[in-house]
Amino acid sequence: MLRSFFIQTVGCQMNALDSELLDAELRRAGYQPAESPRRADIVLFNTCSVRAHAEEKIYSALGRLKNAKQFNPRKIIGVIGCMAQKDRQLIFRRAPQVDLVVGPGRLHRLPLLLRRIADGGGPCLDVSADRSAEKTESLLGSFVPFTPLRVAEHRPVPHQAMVRIMSGCDKFCSYCVVPFVRGPEQSRPAAAIVDEVKRLADAGCLEATLLGQTVNGYKYRAGGRTVALADLLAMLEPIEGLRRVKFVTNHPRHMTDGLLQAVRDLKKASPYLHVPAQSGSDAVLKRMKRGYDAAAYREMLVRIRETVPGAAVTSDFIVGFPGETEEDFRRTVELVRQARFKNSYIFKYSPRPKTKAAELFDDDVPEAVKRRRNNELLAVQNTISLEDNRSLLHRTVEILVEGPSKVALKRTDAGESIQLVGRTVCDRIVVFDGPRKLIGQIVTVRIERVEAFTLFGSTLELTE
Ligand code: SF4
């Protein structure tokens, strides 16, 4: 009987949540986590398709397990997540040592499929229907949101939790594979979300992060009533023990005044808004099919600043999108300078099969130009982030202590006082020395030194 499993996860928070839920499901089914892929009876790669580089890394990792599979043919190797949905049979052809390919809309079937393979049923492919070939109604039964019941003892971090409130996406931005690999947009019933967050809070969760590809487009209709994200935040507000509610990722078109007022008025709603702009050029935004222009994005920023003063706004940008001229790029730099984001995640364009951008446009910006634009935009953003963080010097902030810092994790000394890391309500990272017992607590820290991405401080007191 196969007993141990190892899940290697790459990609976004959706994947991190899927892996956490799957880990709990497998434990519930009687499997135990293993320390490494080599020691595990079952190895699962939870994959990402946003960049070609991330996919190639998975194929390399699969290659490294070839010998282990030859040595132990009963070892099960599986590929799950976005690349599984996108590449399907191709994975078996490129990596014949793989036994199992399961898309993100089919994860609920994984324990059953593992048993089938262990009983000699042979390789298994379970993916959702092809979005470009089927109608939305028939697709819904094929992309099943993965929302098993949370079990407190199987949660990795009791004080924080990601909670899925939506799955899929209907926006079809021209560069993005998400609508194809994660299927149609589906909002989860509000009552189920409230119930899940209540259970998490009862088990000690202080901070819930609500997840959706376009989270601020959340809309659940039942009994003649529509619950939007602002309503959902209000429904979560009275939950005892819960202290913070974050939500990612927002789409500029759904940043309504009602949502901003909810963030302003509700004590637990975090004034942290991740709203990707992707470009500051109207021509590029149009080719990206983002559904807004730079003026509309700026207008949204003004509304955010007016309604929620002090909110931390962050963004994503793609540089080197097909046809991006130097003038287009200057407009992006100008937007970053004006917007004063807390930080921006900057990516070089990488064409993805199935997408409109890959089909219609040549990837015509040379790699060296993409790299230069990436570095330049990063430098502009880093200067702003550092200036922004400087305004917090010698001030006190409240943070939720998440655990040991990266430095502490590398050290072997098991002293009681170690370097810890936590986050402010606006998602700023704070590092400080303190006793381990502070992990999972909200504490007040005085900021003594700042860098662009990190604040350094010393603890003053437990907040409660
Ligand atoms: S909004 Fe656009 S970029 Fe975001 S997941 Fe949907 S298609 Fe992809």
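All figures in this text were calculated on a predicted structure; none of them were measured in a lab.

S.K.: Can you tell me about the overall build of the protein chain, naming the residues and giving the values?
M.R.: A count of helices and strands for the protein chain gives 17 helices and 21 strands. Each of the three principal axes of the protein chain carries a C-alpha extent, and together these read 60 × 55 × 50 Å. Of all 464 residues assigned to the protein chain, the portion counted as buried reaches 55%. In the protein chain, of all internal contacts separated by at least 6 residues, the share reaching a separation of at least 24 is 70%. Here the protein chain displays about 20700 Å² of accessible surface, and carbon together with sulfur accounts for 51% of that area. With 71 positive and 55 negative side-chain charges, the protein chain shows a separation of 3 Å between the mean positions of the two kinds.

S.K.: Before we move on, can you summarise the sheet that holds strand S1 (residues 4–9) with the specific residues and values?
M.R.: Ordered in space as S2-S1-S3-S4-S5-S6, the six strands form an open sheet in which the pairing is parallel. Of all the strands in the sheet, just strand S2 (32–33) and strand S6 (124–126) have a single pairing partner and so form its edges. Where strand S5 (residues 100–102) lies against S6, three bridges are found, and the strand directions are parallel. Bridge pairing in S6 places Val101 opposite Leu125. Contacts from helix H1 (residues 13–28) reach S1, S2, strand S3 (42–47) and strand S4 (76–81), with the element oriented near 175° to S1. Seen against the sheet, helix H6 (residues 110–118) touches S3, S4, S5 and S6 and runs at an angle of roughly 165° to S5.

S.K.: Before we move on, can you summarise the domain arrangement of the protein chain with the specific residues and values?
M.R.: Assigned domains within the protein chain: domain 1 (4–127), domain 2 (152–390) and domain 3 (396–462). Relative placement of domain 1 and domain 2: their C-alpha centres are 28 Å apart. With 20 residues of domain 1 at the interface, the matching set in domain 2 holds 19 residues. For the pair domain 1 and domain 2, the two sides together bury roughly 1900 Å², of which 59% comes from carbon and sulfur. The largest share of the area that domain 1 buries against domain 2 comes from Met14, Glu20 and Lys86, three residues that together contribute 32% of it. Our count for the domain 1 to domain 2 interface comes out at four salt bridges. If you look at where domain 1 meets domain 2, you find six residue pairs in polar contact (both at pLDDT 80 or more). The element contributing the most residues to the side of domain 1 that touches domain 2 is H1, with 11 residues. Taken together, the residues of the side of domain 1 that touches domain 2 break down into nine nonpolar, four polar and seven charged.

S.K.: Can you break down the packing of helix H14 (residues 326–339) against helix H16 (residues 367–390) residue by residue, with the values?
M.R.: Viewed as axis vectors pointing N to C, H14 and H16 meet at an angle of 15°, and their least axial separation amounts to 10 Å. As far as their axial angle goes, H16 and H14 are roughly parallel. For the pair H14 and H16, the crossing hand works out as right-handed. Packed against H14, whose contacting residues are Glu326, Phe329, Arg330, Thr332, Val333, Val336 and Arg337, the element H16 presents Arg372, Arg373, Glu376, Leu377, Val380, Gln381 and Ile384 at the interface.

S.K.: How would you explain H14 if you had to name every residue and give the values?
M.R.: Its 14 residues place the ends of H14 20 Å apart at the C-alpha level, agreeing with the 20 Å of an ideal helix rising 1.5 Å per residue. Of all the residues in H14, the buried ones are Asp328, Phe329, Thr332, Val333, Leu335, Val336 and Ala339. Around the axis of H14, the buried residues are gathered within 155° of arc, so they sit on the same side. Structurally, H14 contributes buried residues whose contacts are with helix H12 (282–288), helix H13 (294–307), strand S15 (312–319) and H16.

S.K.: Could you give me a rundown of empty space enclosed by the protein, with the residues and numbers involved?
M.R.: With a probe scaled to a water molecule rolled over the atoms, the places where space remains empty come into view. Applying the stated rule across the entire model yields three cavities of 30 Å³ or more. Looking at the largest cavity, its volume works out to about 110 Å³. When residues are assigned to domains, the lining of the largest cavity turns out to be shared by domain 1 (4–127) and domain 2 (152–390), each giving three or more. In terms of residue class, the lining of the second largest cavity is built from five nonpolar, one polar and four charged.

S.K.: Can you explain the sheet that holds strand S14 (residues 272–274)? Please cite residues and give values.
M.R.: Sheets are built from strands paired through backbone hydrogen bonds, the pairs being either parallel or antiparallel. Ordered in space as S14-S15-S16, the three strands form an open sheet in which the pairing is parallel. The sheet terminates laterally at S14 and strand S16 (344–348), the two strands that pair on one side only. Along the sheet, successive strands turn relative to each other by an average axial angle of 10°, direction set aside. Here S14 runs beside S15; their pairing, made up of three bridges, is parallel. Residue pairing for S15: His274 is matched across the bridge by Thr314.

S.K.: An account of the pairing of strand S13 (residues 244–248) is needed here, citing residue identities and associated values.
M.R.: Burial analysis of S13 places five of its five residues in the buried class, the great majority of the element. Neither face of S13 is exposed, since Arg244, Lys246 and Val248 on one face and Val245 and Phe247 on the opposite face are all buried. Here five bridges tie strand S10 (residues 207–211) to S13, and the two strands are oriented parallel to one another. Bridging across to S13, Leu211 finds its partner in Val248.

S.K.: Residue-level account of the state of the cysteines, with values.
M.R.: If you walk through the whole model with that rule in mind, you get zero disulfides. The cysteine Cys82 is free of any disulfide, with Cys48 supplying the nearest cysteine sulfur at 6.3 Å. You can see Cys205 has no disulfide; the closest cysteine sulfur is in Cys426, sitting 19 Å from it. Here Cys205 falls in the buried class, since its relative accessible area comes to 1%.

Thresholds, definitions, all that
Residues numbered from 1 in each chain as written. Predicted model: local features only at pLDDT ≥ 70, side-chain atom pairs only at ≥ 80, totals over all residues. Heavy atoms only, no water. Helix = DSSP H or I, 4+ residues; strand = E, 2+ residues; numbered from the N terminus. Buried < 20%, exposed > 50% of the residue type's maximum accessible area, 1.4 Å probe, protein only. Contact = heavy atoms within 4.5 Å. Areas by Shrake-Rupley, 256 points an atom, 1.4 Å probe, with all protein chains shown as cover. Lys, Arg positive; Asp, Glu negative; His and termini not counted. Charge placed at Lys NZ, Arg CZ, Asp CG, Glu CD. Pairing = 2+ DSSP bridges. Axes fitted to C-alpha atoms, helices over the stretch in contact; angles between N-to-C directions. Domains from an automatic or database assignment. Buried area = accessible area lost by both parts, 1.4 Å probe. Salt bridge = Lys/Arg side-chain N within 4 Å of Asp/Glu carboxyl O. Polar contact = N/O pair within 3.5 Å; in protein donor to acceptor, adjacent residues only side chain to side chain. Nonpolar A, V, L, I, M, F, W, Y, C, P; charged D, E, K, R; others polar. Parallel < 35°, antiparallel > 145°, perpendicular 65-115°, else oblique. Left-handed = near helix turned anticlockwise from the far one by under 90°. Expected span 1.5 Å × (residues − 1). Arc of directions from axis to C-beta. 1 Å grid on protein atoms, 1.4 Å probe; cavity = no way out; pocket = protein on both sides within 12 Å on 5 of 7 lines; lining within 4 Å. Points joined across faces, edges and corners; volume = space filled by probe spheres on them. Disulfide = S-S within 2.5 Å.

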